[in-house]
Amino acid sequence: NNVIDNDVVVLITGESGTGKELIARAIHYNGKRKDYPFVPVDCATIPETLIESELFGHEKGAYTGAMNKKIGKFELANHGSIFLDEIGNLRMEVQAKLLRVLQEKEFSRVGGNDKINIDVRVISATNADLEQLIKEKKFREDLFYRLNVVPIHIHPLRNRKDDIALLIQHFLNFYNEKYKKNIEISKPVLTYFNSYKWPGNVRELENTVQRLVLTASSDVI
């Protein structure tokens, strides 16, 4: 509750697919910023050349192809929360600008001089070892300490056996409603699911339940 109720910066770590964004959403939607935007950014899928513009926006004509002004994710998240997934993928120049934003609560769009003030909660996540990246001079140590105020580590699903049945029921309810079905999973299948290692973690479990509900030819799998 202290983490949710206060605006502390949170760093969520864990293997890919463990549900880091679910935790970030839970922090946001149970906190005092819940009526304002939750803006997720996947730093691993945005090209390096575009990530600064994606985060901070750009002015018209800032670079070739910038035909119009663009509002960045930080502006869109104002008064709410921004979730920076796979933060370890940010190149050093963008890390420097992010550090300044965390310190000064303001930034300029790419190609612009006007200072834009923001009030945003920052939640970040990574499946990388940031401390190792610091040793390799690929991640700023000062930024790491700014992001790692409250660390939350999510264990892989294979180490959270008690969660499997709860997650299965949650995903069953969701996809039964979505596909207008009433599918149940038999005890032998549940037993098998509990013994399976789930290398893709929560994401693999969700995809499996979705596929089973979608393709089921009877009400019991």
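Each chain carries its own residue numbering, running from 1 in the written order of its sequence. In view of the model being predicted, local features appear only for residues whose pLDDT reaches at least 70, and side-chain atom pairs are presented and counted only at 80 or more, with totals across whole chains, interfaces and linings using the full set of residues. Side-chain measures here rest on the full set of heavy atoms in the structure, leaving out hydrogens and waters.

(A) Examining the pattern of salt bridges more closely. Here a salt bridge means any side-chain nitrogen of Lys or Arg lying within 4 Å of a carboxyl oxygen belonging to Asp or Glu. All told, the structure shown has 10 salt bridges when counted by the stated rule. Glutamate 52 serves as the salt-bridge partner of arginine 91, at 3.9 Å between the closest nitrogen and oxygen. With arginine 91 in the loop between strand S3 (81-85) and helix H5 (92-104) and glutamate 52 in helix H3 (residues 48-56), this residue pair connects regions lying 39 residues apart in the sequence. Whether a residue is buried, partly exposed or exposed follows from its accessible area with a 1.4 Å probe, protein chains only, as a fraction of its type maximum: under 20%, in between, or over 50%, in that order. Overall, the relative accessible area of 21% leaves glutamate 52 in the partly exposed class. One salt bridge connects lysine 73 with glutamate 54, and the closest N-O pair in it is separated by 3.5 Å. A residue pair is termed long-range when its members are at least 10 positions apart, and lysine 73 in helix H4 (residues 73-76) and glutamate 54 in helix H3 qualify at 19 residues. By definition, any uninterrupted DSSP run of H or I lasting at least four residues is a helix, any uninterrupted run of E lasting at least two residues is a strand, and each is numbered from the N terminus.

(B) Local environment of the confidence of the model for the protein chain. Each residue carries a pLDDT score, the predictor's confidence in it, ranging from 0 to 100. Here the protein chain shows a mean pLDDT of 87. Residues at 70 or above account for 95%. The secondary structure element of the protein chain with the lowest average pLDDT is helix H1 (residues 2-5), at 70, and the one with the highest is S3, at 95.

(C) Expanded view of unusual backbone geometry. Of note, histidine 79 is a non-glycine position whose phi angle comes to about 75°, a positive value. By the element assignment, histidine 79 lies in the loop between H4 and S3. Even without glycine at this site, asparagine 201 takes up a positive phi of about 60°. Within the fold, asparagine 201 resides in helix H10 (residues 201-215).

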